[in-house]
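Listed below, chain by chain, are the residues.
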Amino acid sequence: MGLFSDIAEDFSNVYKNDPAISSKIELFFNYPGVWAIFWYRIANRFYRKGFRSIARLIMGLNQIITNIDIHPGATIGRRVFIDHGFGVVIGQTTVIEDDVLIYQGVTLGGVSLIAGKRHPTIKSGVVIGAGAKVLGNITIGANSKIGANSVVVREVPDNSTAIGIPAHVIQKGRDKDPFSHNKLPDINKEMFEYLLRRVAVLEHYMVQDNKEILEQDLQLENIYESFIKAMKH
């Protein structure tokens, strides 16, 4: 597709990704992510033809207007949507494939000053939650989700969900709806529940035939309760 076809597709893509839009006028005033992609498309053409200073100037002005920093040398595919967009940073050697959804505060950054591929590759259909950081020359697999505020420094397989700092893949074959952000599992809660149940089993085993340990446990409980009451005053 040509430049103008890509731009037209970017603008029509808003209706697919944001149910809040009610008129075309809103496109001009309420979608900085769309305009950032618009100016990127133009700047990228200049960049590839060797007019790199002009490309950097265009994206510098874009950054002032939209508060979105996209290097003109990045590779961005079709129907990429940056929702809200403020604070998004996309580095020079980043590769973003088609139908990717990016929320505000996302950084697709590098971790090295060595020339060459040093930014991430985002495969088609990926959703990157608000505030997430994807760092280094790693690949985020197709149709995967990155949880909000996660820091991703390792590869993420296709059809996976990654959350945490540093991010871990915690679920495969997850809900494919890109808007189901509320279905990310709470791995900290699950771990604490496991530990509490494990401790309960060990306590039951230890006190079953040992009254002395049971008495010491009750003393500790009394000390703990006294401490909690003291903290409330």
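The paragraphs below set out a description of the structure included in this document. (Residues numbered from 1 in each chain as written. Predicted model: local features only at pLDDT ≥ 70, side-chain atom pairs only at ≥ 80, totals over all residues. Heavy atoms only, no water.)

Remarks on the pattern of salt bridges
Piece 1. Considering all chains together, one arrives at seven salt bridges under this definition.
Piece 2. Salt-bridge contacts for E97 lead to K123; the nearest nitrogen and oxygen are separated by 3.2 Å. Of the two residues, E97 sits in the loop between strand 5 (95-96) and strand 6 (101-102) while K123 sits in the loop between strand 8 (121-122) and strand 9 (127-128), which places them 26 residues apart along the sequence.
Piece 3. Given the relative accessible area of 29%, K123 is considered partly exposed.
Piece 4. Several salt bridges share partner residues, and in doing so they unite E9, K16, R78, R79 and D99 into one network. (Salt bridge = Lys/Arg side-chain N within 4 Å of Asp/Glu carboxyl O. Helix = DSSP H or I, 4+ residues; strand = E, 2+ residues; numbered from the N terminus. Buried < 20%, exposed > 50% of the residue type's maximum accessible area, 1.4 Å probe, protein only.)

Looking at the packing of helix 1 (residues 3-17) against helix 3 (residues 32-48)
Each packed pair of helices is defined by two parameters, the angle between the axes and the distance between the axes.
Piece 1. Running from amino to carboxyl end, helix 1 crosses helix 3 at an angle of 170°, the nearest separation of the two axes being 10 Å. Taken together, helix 1 and helix 3 sit at an angle that is classed as roughly antiparallel. Here the hand of the crossing between helix 1 and helix 3 comes out right-handed. Of the residues in helix 3, those touching helix 1 at L3, D6, I7, D10, F11 and V14 are V34, W35, I37, F38, R41, I42 and R45.
Piece 2. Class assignment of the residues belonging to the contact of helix 1 with helix 3 gives a composition of nine nonpolar, no polar and four charged. (Axes fitted to C-alpha atoms, helices over the stretch in contact; angles between N-to-C directions. Parallel < 35°, antiparallel > 145°, perpendicular 65-115°, else oblique. Left-handed = near helix turned anticlockwise from the far one by under 90°. Contact = heavy atoms within 4.5 Å. Nonpolar A, V, L, I, M, F, W, Y, C, P; charged D, E, K, R; others polar.)

Structural notes on helix 3
Piece 1. With 17 residues, helix 3 extends 24 Å between its outermost C-alpha atoms, agreeing within 8% with the 24 Å of an ideal straight helix rising 1.5 Å per residue.
Piece 2. By the burial criterion, the buried members of helix 3 are P32, G33, V34, A36, I37, F38, Y40, R41, A43, N44 and Y47.
Piece 3. Lining the buried residues of helix 3 we find helix 1, helix 4 (52-66), strand 1 (69-70), strand 2 (75-76) and strand 3 (81-82).
Piece 4. At the C-terminal side of helix 3, G50 shows a positive phi close to 95°. (Expected span 1.5 Å × (residues − 1).)

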